[in-house]
Amino acid sequence: MRPAANQTGASRAERRGPEPETFEVRRRYVRFSEQDAAMLSEVGGVVARHADSIVDRFYNHLVKFEPLRSLLSDDGTVERLKASQKQYLKSLFAGTYDDSYAESRLRIGAVHDRIELEPQWYLGAYGLYLDILLPYVIQCYPDDAARATRAATALGKLMILDVQVVLDAYYETRERRAVEKSEQLAAVGELAASIAHEVRNPLAGMKGALEVLRGELSVKPSNLEIVDELLAQIVRLEGLVRDLLTYARPRALSPRAFDLHELIDRVLRLYKDEADVNGITVHRVSAPGTGRIFADPQAIEQVFINLIHNSIQAMEDGGTLTVDAQSAGGFLLVSLQDTGKGILPADLKRIFQPFFTTKHRGSGLGLSIVRKLVEQHKGTVEVTSQLGHGTSVKFRIPESETD
Ligand code: HEM
């Protein structure tokens, strides 16, 4: 029943209203009958006579809540809103509940979303309206409890219908914003990738030229240090460019069956010196030789490189890195557990966001790339961490069906 998310510009709520059949179906679903409609119109006169005091009570309650007070702080807004609320009350008891009624509710929802009012506030306010309005409805039938109950129930059902429509507006706004955001991110990503692409070759040229010069120049040792620092910076930039391109322009996978343990051991050998220098012991739990997966070896190697690199950086004062890979239910469950400094809970929620980094020199893409590559393999990845005690990364990759 929700509106399509592919609208652009002004929201559908503000232009067309709900799908033609939707409101009628919803009315039938909550059993809101013509009799209910007639009863509400019957009590409309009483509500209209008390409209000023009803609306005052409504706003007097809202302003007791700090987040709402700021929205209602200027007198002009409140006066305008009181007039809108009186209109709202009038239509609530007008006795006509058709598509144009639904459309007016969708518009109210769209306005609240535009001012970024959280749903908890405007949805909750329907409860407030029920609380204020029900006594007026019931007092219309002092000697007929059954009729009073029917009128009160009719109002409750209508409020639920209102809430449903308002939720349509809420979902539509959220979906539209998500689409806009992902389009913006894609455009920025593409721009970043184009720049990275342009920068890659000149960087490689500069590095090559500097290496040649370094070998041929007879310069003072202090100047050699400068050249080495330049080279180190170029290597760092190359890493950034590589990460950006891997993330923004992932190459097509070339999956094949291979032994994951061999790959893990190969990557660990690459990092052996760095681990030794940092006082890190590597503990391999699983026995090599089993665990064939069907995947792109280069991509999986990249996953391990990024994760092991992170673990080593998290253990500046030494520690233990435990790498485990076990077969379970058609997947290979891989876990890397370090005893490093851990991740703050607030940061943990953001670690997969591109460009989020807590490192002085990180690209902020390492874990985003890990997740993207694992997900490209229909796997999943999760990270848990305890500040001061270490971080654990677990991911699953489908096993190869053939040996
Ligand atoms: C039962 C719940 C509510 C109903 C039926 C309702 C109804 C309305 C209506 C009819 C309008 C005018 C829409 C238009 O211009 O077309 C409106 C706007 C607005 N509402 Fe509500 N409202 C509700 C809850 C709230 C709450 C809880 C707040 C909290 C402060 C709020 C704040 C506003 C504001 C600030 C606007 C004006 C937006 C603008 O024109 O700048 N509303 N509302």
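This structure is a prediction, so every number in the text was calculated from the model and none was measured.

1. Topic: the overall build of the protein
Item 1. Secondary structure assignment for the protein yields 15 helices and seven strands.
Item 2. With respect to the principal axes defined by its C-alpha atoms, the protein has extents near 100 × 50 × 40 Å.
Item 3. Here the contacts in the protein between residues at least 6 apart in sequence split such that 78% fall between residues at least 24 apart.

2. Considerations on the site of the ligand
Item 1. Lining the immediate environment of the ligand, one finds 20 residues, of which Leu-68, Leu-71, Ser-84, Tyr-122 and Ala-125 sit closest.
Item 2. Where the shell around the ligand is concerned, the elements lending two or more residues are α6 (75-92), α7 (99-114) and α8 (119-139).
Item 3. Tallied by class, residues from the shell around the ligand come to 15 nonpolar, four polar and one charged.

3. What to know about helix α15 (residues 366-376)
Item 1. Along α15, the residues that are buried comprise Gly-366, Leu-367, Ser-368, Ile-369, Val-370, Leu-373 and Val-374.
Item 2. Where α15 is buried, its residues meet α10 (221-248), α13 (297-314), β6 (380-386) and β7 (390-398).
Item 3. Two residues or fewer after α15 comes Lys-378, characterised by a positive phi angle close to 60 degrees.

4. A closer look at the packing of helix α11 (residues 260-270) against α13
Item 1. Packing of α11 against α13 leaves a shortest axis separation of 10 Å and a crossing angle of 45 degrees. Viewed along their axes, α11 and α13 adopt a mutual orientation that is oblique. The element α11 and its partner α13 pack so that their crossing is right-handed. Contacts between α11 and α13 pair Leu-263, Ile-264 and Val-267 from the former with Pro-297, Ile-300, Glu-301, Phe-304, Ile-305 and Ile-308 from the latter.
Item 2. When its residues are assigned to classes, the contact of α11 with α13 shows eight nonpolar, no polar and one charged.

5. Describing α10
Item 1. Taking 1.5 Å of rise per residue, the 28 residues of α10 would be expected to cover 40 Å, and the 40 Å separating its terminal C-alpha atoms lies within 8% of that figure.
Item 2. Buried within α10 we find Val-241, Asp-243, Leu-244, Thr-246, Tyr-247 and Ala-248.

6. A closer look at the domain arrangement of the protein
Item 1. When cut into domains, the protein gives domain 1 (1-249) and domain 2 (256-398).
Item 2. Taking only C-alpha atoms into account, the centre of domain 1 sits 37 Å from that of domain 2.
Item 3. Contacts between the two partners involve seven residues from domain 1, matched on the other side by nine residues from domain 2.
Item 4. Of the residues in the side of domain 1 that touches domain 2, the class split is three nonpolar, two polar and two charged.

7. Examining the sheet that holds strand β4 (residues 319-328)
Item 1. Pairing is mixed in the open sheet, where five strands are placed in the order β2-β4-β5-β7-β6. The open sheet has two edge strands with one neighbour each: β2 (280-284) and β6. Along the sheet, successive strands turn relative to each other by an average axial angle of 15 degrees, direction set aside.
Item 2. Here five bridges tie β2 to β4, and the two strands are oriented parallel to one another. Bridge assignment links Ile-280 to a residue of β4, and that residue is Gly-319.
Item 3. Running at roughly 165 degrees to β4, α11 makes contact with β2, β4 and β5 (331-338) of the sheet.
Item 4. Strands in contact with α13 are β2, β4, β5 and β7; relative to β5, the strand with the most contacts, it is inclined by about 20 degrees.

8. Description of unusual backbone geometry
Item 1. Although it is not a glycine, Arg-31 sits at a positive phi angle of roughly 60 degrees.
Item 2. Along the chain, Arg-31 falls in the loop between α2 (22-29) and α3 (34-49).
Item 3. Non-glycine residue Lys-378 carries a positive phi angle of around 60 degrees.
Item 4. Here Lys-378 is to be found in the loop between α15 and β6.

Cut-off values and rules
Residues numbered from 1 in each chain as written. Predicted model: local features only at pLDDT ≥ 70, side-chain atom pairs only at ≥ 80, totals over all residues. Helix = DSSP H or I, 4+ residues; strand = E, 2+ residues; numbered from the N terminus. Contact = placed C-beta atoms within 7 Å. Near = placed C-beta within 6 Å. Nonpolar A, V, L, I, M, F, W, Y, C, P; charged D, E, K, R; others polar. Buried ≥ 20, exposed ≤ 12 C-beta atoms within 10 Å, placed from the backbone. Axes fitted to C-alpha atoms, helices over the stretch in contact; angles between N-to-C directions. Parallel < 35°, antiparallel > 145°, perpendicular 65-115°, else oblique. Left-handed = near helix turned anticlockwise from the far one by under 90°. Expected span 1.5 Å × (residues − 1). Domains from an automatic or database assignment. Pairing = 2+ DSSP bridges.

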